[in-house]
Amino acid sequence: MSEVSSQLPTEPISAVGVVSFLNKAHDGFYAVAQTTDGSDADLWKDGLFKSKVTRYLCFTRKTGPEVVVDMKLIDIKDALPEGFTPVEETMDTKETAMRKRRLCVKMSPRAAAETAIYDIQITAKSKYHLVNYTCMGEINNMGLWYRLGDVPKQQASQATSTITNSEAPASTARRTMNRPYYEHQGSGTYTMTALDDVPFMISEKFCGRKPKEMQQVNLMGITIKSLAEIEEEFQYNFSAERSIAV
């Protein structure tokens, strides 16, 4: 922490907290033990009396669903800024995090965040400015600073490409219906079969033909007849059965 790097870390900060002891920070958390000039970065210390109570800021860059997008240091009596969550207790001992000031953190889903906080520094003099950093507030004559950076966007899901590939041409869709549609509509559930996505459609050979033309088609020696011709040829009046019944 004695030097401020000009290079932005690869991952944004995903959580911020306060600990009572430097060696009690949770796994993956980095405790800010010193200011940029090497002084003690204790947030609780009193200028007049030496106190045994200590508080240190800590943070992690572990990848998670949310990232830290803003931070503020406000007076303990001030109203909580909208959208911010206060750091009330220490992570290790569950004691009051700060006595004069209150640290407030604003979180956002990683996918929705345009920018996020990548680094936090503490300066020994509040008038000292850090390049590319923003001051969130002052405590015990120390300035707390954070650095913003753009959040890299994750690759889009394959849902869009799947939908695009599944769309059928308009000319085919008008005359084609797949089996899964009927099975899903009828039972409310659907089981994949070997015939899934196989189009069932009338051959172009028969499209646009009139009924009379259809009668002239000979399929393997079989002549297609109309309903009237079939009834006339195979009509049966059941007269023998009726005479027995009488």
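Details of the structure are given in the entry above.
Residues numbered from 1 in each chain as written. Predicted model: local features only at pLDDT ≥ 70, side-chain atom pairs only at ≥ 80, totals over all residues. Heavy atoms only, no water.

Caption draft 1: Broad picture of the nonpolar core. Membership of the largest hydrophobic core comes to 24 residues, with the highest contact counts inside it found for Val16, Met71, Leu103 and Ile120. Only strand E1 (15–19), strand E3 (56–60), strand E4 (66–75), strand E6 (101–109), strand E7 (115–123), strand E8 (134–139) and strand E9 (142–150) provide two or more residues apiece to this core. Discounting residues that sit within four places of it in the chain, Leu103 has contacts with Val16, Val18, Leu57, Met71, Lys72, Leu73, Thr85, Pro86, Val87, Met98 and Met136. (Core = buried A, V, L, I, M, F, W, Y, C linked by side-chain atoms within 4.5 Å. Buried < 20%, exposed > 50% of the residue type's maximum accessible area, 1.4 Å probe, protein only. Helix = DSSP H or I, 4+ residues; strand = E, 2+ residues; numbered from the N terminus. Contact = heavy atoms within 4.5 Å.)

Caption draft 2: Structural context of the side chain of Arg55. Along the chain, Arg55 turns up in the loop between strand E2 (29–31) and E3. Using a relative accessible area of 5% as the deciding quantity, one classes Arg55 as buried.

Caption draft 3: Representation of the sheet that holds E2 within the structure. Read across the sheet, three strands follow the order E1-E3-E2 without closing on themselves; strand pairing throughout is antiparallel. Both edges of this open sheet fall to E1 and E2, since each of them pairs with a single strand only. On average, each strand axis in the sheet is inclined to that of its neighbour by 30°, with strand direction left out of account. Sheet topology places E1 next to E3; five bridges connect them, and they run antiparallel. If you follow Val19 over to E3, its bridge partner there is Tyr56. (Pairing = 2+ DSSP bridges. Axes fitted to C-alpha atoms, helices over the stretch in contact; angles between N-to-C directions.)

Caption draft 4: Looking closely at the sheet that holds E6. If you trace the three strands from one edge of the open sheet to the other, you get E4-E6-E5, paired in antiparallel fashion. Looking at strand neighbours, the two that pair on one side only are E4 and strand E5 (85–86), the edges of this open sheet. Relative to E6, E5 is paired through two bridges, and the arrangement is antiparallel. Among the inter-strand pairings, Pro86 is bridged to a residue of E6, identified as Cys104.

Caption draft 5: Molecular detail of the side chain of Asp70. Position of Asp70 relative to the elements: it lies in strand E4. This buried residue, Asp70, is left without a salt bridge; Lys72 holds the nearest opposite charge, at 4.3 Å. Excluding residues that lie within four positions of it along the chain, Asp70 makes contacts with Phe84, Cys104, Val105, Lys106, Ile117 and Tyr146. (Lys, Arg positive; Asp, Glu negative; His and termini not counted. Salt bridge = Lys/Arg side-chain N within 4 Å of Asp/Glu carboxyl O.)

Caption draft 6: Spotlight on the environment of Glu138. Along the chain, the position of Glu138 falls in strand E8. Sequence-wise, Glu138 and Lys72 are 66 residues apart; in three dimensions their C-alpha atoms are separated by 9.6 Å.

Caption draft 7: How the structure looks around the packing of aromatic side chains. Under the counting rule described, the total for this entry stands at one aromatic pair. Taking the ring centre of Trp44 as reference, the NZ or CZ of Arg55 above it sits at 4.7 Å. (Phe/Tyr/Trp six-rings, centres within 6.5 Å; stacked < 30°, edge-to-face > 60°. Lys NZ or Arg CZ within 6 Å of the ring centre and 35° of its normal.)

Caption draft 8: Just unusual backbone geometry, in detail. With a phi close to 50°, Asn140 is a non-glycine residue in the positive phi region. With respect to the helices and strands, Asn140 occurs in the loop between E8 and E9.

Caption draft 9: Focus on the pattern of salt bridges. As enumerated under the stated definition, the model contains four salt bridges in all. The salt bridge involving Asp119 is made with Arg61; its shortest N-O contact spans 3.3 Å. Highlighted residues: Asp119 in strand E7 and Arg61 in the loop between E3 and E4, separated in sequence by 58 residues. Arg61 sits in the partly exposed class, given a relative accessible area of 29%. A salt bridge links Arg102 to Glu88; the nearest nitrogen and oxygen atoms lie 3.7 Å apart. On the criterion of sequence distance, the pair formed by Arg102 in strand E6 and Glu88 in the loop between E5 and E6 is long-range, its members being 14 residues apart.

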